[in-house]
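Take a look at the letters that make up each chain.
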Amino acid sequence: MHISVVPGRPTVAEIDLRALAFNYRQIRRRVPKGTGILAVVKADAYGHGALPVSLKLEEMGVDYLGVAIPEEGVALRKGGVKTPILIFGGIFQDDADEVIRYGLTPVVFDIESLKHLSKAARKRRKKATAHIKVDTGMGRLGVPFELFPAFLKDLKKYPDVEIEGLLSHFSMTDGEEDYTASQWRRYQEALDQAGAMGISGRYLHMASSATLTAFPSYSGNLVRPGIMLYGAYPSAAFQRMISLKPVLTLKTRIHFLKRVPEGERIGYGGTFMTRRESLIATLPIGYADGYNTRLSNRGEVLIGGRRAPVTGKVCMDLIMVDVTEIPGVSNGDEVILIGRQGKERITAEEVAAKIGSIPYEVLCLIGRRVPRIYRR
Ligand SMILES: *Cc1c(COP(=O)(O)O)cnc(C)c1O
């Protein structure tokens, strides 16, 4: 295995595509036979880099890819991705033409979008494909459940839009069954209504990571995993249900090392004061790289296989850590902010818990100036 060496700042996110492949296979094994996988690669594949991740998944035979907005789909097509791409967020004002041109499939939940799609398709003499979304209890995008029969009637007026799928979205991510089951029943009812009007989709889908794991029978014939592909869990309860490998490692190197006396203040606002003579390392990563300010005086990093606490406030481009207890530290030593070093490990979940967030956000917000380096 070869990692290309980047010149300049040593702060990088290493993306292990072999771990991605492992997680994909773990999910594939759990999914009922005959059910396809739509891999969710929105938000730059949760910060992992949408193009390399999509190309890897394409190579592994993924059935579909999912993005949030048309631009994300266009970028994948320009990068050579051939797999069908679903746009979860639907189309915005003038997106219909781009969507047709690049062969993308939007989720549709209003008649306006159908009009635009149909017009753009005729202009380009192509067929538009769409997936119709019904809201079964998430309260976000989707035709309201009560209005679904009326929507289906209107749908028939747009024959140049091919309905390729019917979907909904579960709102529970902690394995709660009652509400999940009631959403599934509504979805089945919506499918019956569509069927009665002669509308059927090749793809029926509703489950993201949490539900496909906790309730595999609520899967339809396509599932939409996102976070689990990247080796993180929708919530703690899932760690016992499926074994995954974190794909991303966030690392840097010690940039500057100095010994400071007892009673010295560290960082903006002087929020940390040394209680002994201390060895303080300055690291070239800060909140502009996605290292959250709530990790001030709370975060930990790994150096020499040991935990070192963040001292003082997180700055825009730098943090300081106390390495007094770690033997043999020198300038240039490797530092792990998320990932494994020796026997120690810091997960995106651990960081999320410290800042009152979720691993999704921790991964998505890793800054754009942090180069992604791929292990193949
Ligand atoms: C983001 C998203 C997913 C993936 O959710 P995970 O919890 O990351 O598995 C699936 N479906 C839709 C519509 C989404 O927006």
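Check the entry above for the structure.
Procedures and definitions
Residues numbered from 1 in each chain as written. Predicted model: local features only at pLDDT ≥ 70, side-chain atom pairs only at ≥ 80, totals over all residues. Heavy atoms only, no water. Near = heavy atom within 4 Å. Polar contact = N/O pair within 3.5 Å; in protein donor to acceptor, adjacent residues only side chain to side chain. Areas by Shrake-Rupley, 256 points an atom, 1.4 Å probe, with all protein chains shown as cover. Nonpolar A, V, L, I, M, F, W, Y, C, P; charged D, E, K, R; others polar. 1 Å grid on protein atoms, 1.4 Å probe; cavity = no way out; pocket = protein on both sides within 12 Å on 5 of 7 lines; lining within 4 Å. Points joined across faces, edges and corners; volume = space filled by probe spheres on them. Helix = DSSP H or I, 4+ residues; strand = E, 2+ residues; numbered from the N terminus. Domains from an automatic or database assignment. Buried < 20%, exposed > 50% of the residue type's maximum accessible area, 1.4 Å probe, protein only. Pairing = 2+ DSSP bridges. Right-handed = clockwise from strand over helix to strand, strands pointing away. Core = buried A, V, L, I, M, F, W, Y, C linked by side-chain atoms within 4.5 Å. Contact = heavy atoms within 4.5 Å. Axes fitted to C-alpha atoms, helices over the stretch in contact; angles between N-to-C directions. Patch = residues over 30% accessible without salt bridge, like charges linked within 9 Å, V, L, I, M, F, W, Y side chains within 5 Å. Salt bridge = Lys/Arg side-chain N within 4 Å of Asp/Glu carboxyl O. Lys, Arg positive; Asp, Glu negative; His and termini not counted. Charge placed at Lys NZ, Arg CZ, Asp CG, Glu CD. Arc of directions from axis to C-beta. Parallel < 35°, antiparallel > 145°, perpendicular 65-115°, else oblique. Left-handed = near helix turned anticlockwise from the far one by under 90°.

## What to know about the site of the ligand
Move 1: As a structural note, the neighbourhood of the ligand is formed by 13 residues, with Lys42, Tyr46, Ser209, Ile227 and Tyr360 the closest of them.
Move 2: Within the backbone of Gly226, an N or O atom sits 2.9 Å from an oxygen atom of the ligand.
Move 3: Compared with its free state, where it exposes 390 Å², the ligand has 92% of that area covered by protein.
Move 4: Counted by class, the shell around the ligand contains six nonpolar, four polar and three charged residues.

## Looking at the layout of surface pockets
Move 1: Its volume calculated, the largest pocket comes out at about 620 Å³.
Move 2: Lining the largest pocket are 27 residues, and of these Lys42, Tyr46, Arg140, His169 and Tyr360 lie nearest its centre.
Move 3: For the lining of the largest pocket, the secondary-structure elements that each account for two or more residues are helix H2 (42–47), helix H9 (209–214) and helix H11 (359–364).
Move 4: Among the elements that make up the lining of the largest pocket, the one with the highest residue count is H2 (three residues).
Move 5: Class assignment for the residues of the lining of the largest pocket results in 16 nonpolar, seven polar and four charged.
Move 6: The two domains that each donate at least three residues to the lining of the largest pocket are domain 1 (3–13 + 248–375) and domain 2 (31–232).

## Some details on the pairing of strand S6 (residues 128–135)
Move 1: Taken across its eight residues, S6 has eight buried, putting it largely inside the fold.
Move 2: Residues of S6 alternate between two faces, with Ala128, Ala130, Ile132 and Val134 on one and Thr129, His131, Lys133 and Asp135 on the opposite face, all of them buried.
Move 3: Note: strand S5 (residues 105–108) against S6, two bridges, orientation parallel. Bridging across to S6, Val108 finds its partner in Ile132.
Move 4: This β-α-β element, S5 to helix H6 (residues 111–124) to S6, shows right-handed connectivity.
Move 5: Across six bridges, S6 lies against strand S8 (residues 161–167) in parallel orientation. Pairing of Lys133 across the sheet is with Leu167, part of S8.

## Let's talk about the nonpolar core
A general tendency of soluble globular proteins is for nonpolar side chains to be buried together.
Move 1: Within the largest apolar cluster, 118 residues are counted, with the highest numbers of intra-cluster contacts made by Leu57, Val301, Ile303, Ile319 and Val321.
Move 2: Counting only domains with at least three residues in this core, you end up with domain 1 (3–13 + 248–375) and domain 2 (31–232).
Move 3: In this structure Ile319 touches Ala281, Thr282, Leu283, Ile285, Tyr291, Val301, Val310, Val314 and Leu337, once residues within four positions along its chain are discounted.
Move 4: Counting residues in each nonpolar core, the second largest holds five residues, with Val260, Ile266, Cys315 and Met320 among its members.

## What to know about the sheet that holds strand S15 (residues 278–283)
Move 1: Read from one edge of the open sheet, three strands run S12-S15-S18, paired in antiparallel fashion. Each of the sheet's edge strands pairs with one partner strand only, and the pair in question is strand S12 (256–260) and strand S18 (319–322). On average, each strand axis in the sheet is inclined to that of its neighbour by 30 degrees, with strand direction left out of account.
Move 2: Strand direction decides the pairing type here: S12 and S15, joined by five bridges, are antiparallel. By the bridge assignment for S15, Lys258 is matched with Ile280.

## Some points on a negative patch on the surface
Move 1: On the surface, a cluster of negative charge is made up of Asp174, Glu176, Glu177 and Asp178.
Move 2: As for its position among the elements, Glu176 is in the loop between S8 and helix H8 (177–196).

## Structural notes on helix H7 (residues 148–155)
Move 1: Residues Phe148, Phe151, Leu152 and Leu155 constitute the buried set of H7. Looking down the long axis of H7, one finds its buried residues gathered within 105 degrees of arc, a one-sided arrangement.
Move 2: Residues of H7 that are buried sit in contact with S5, H6, S6, strand S7 (143–144), S8 and H8.

## Focus on empty space enclosed by the protein
Move 1: With the rule as written, the count across this model stands at one cavity of 30 Å³ or more.
Move 2: Reported here for the largest cavity is a volume of approximately 40 Å³.
Move 3: Around the largest cavity, the lining residues are Tyr291, Leu295, Gly299, Glu300, Leu337, Ile346, Glu350, Val351 and Lys354.
Move 4: Considering each element in turn, the lining of the largest cavity owes the most residues, three residues, to helix H10 (residues 348–355).
Move 5: For the lining of the largest cavity, the per-class residue count stands at five nonpolar, one polar and three charged.

## Digging into the environment of Val321
Move 1: For Val321, the position within the fold is in strand S18.
Move 2: Distance in space between the C-alpha atoms of Val321 and Met197 is 64 Å, their sequence separation being 124 residues.
Move 3: Residues in contact with Val321, not counting those within four places in the same chain, are Leu279, Ile280, Ala281, Leu283, Val301, Ile303, Ala308, Pro309, Val310 and Thr311.

## Details of the packing of helix H1 (residues 17–30) against helix H3 (residues 50–59)
Move 1: At a minimum axis separation of 10 Å, H1 and H3 run at an interaxial angle of 50 degrees. The angle between the axes of H1 and H3 places the two elements in the oblique class. In this structure, H1 meets H3 at a crossing whose hand is right-handed. Contacts between H1 and H3 pair Leu17, Leu20, Ala21 and Tyr24 from the former with Pro52, Val53, Lys56 and Leu57 from the latter.
Move 2: In terms of residue class, the contact of H1 with H3 is built from seven nonpolar, no polar and one charged.

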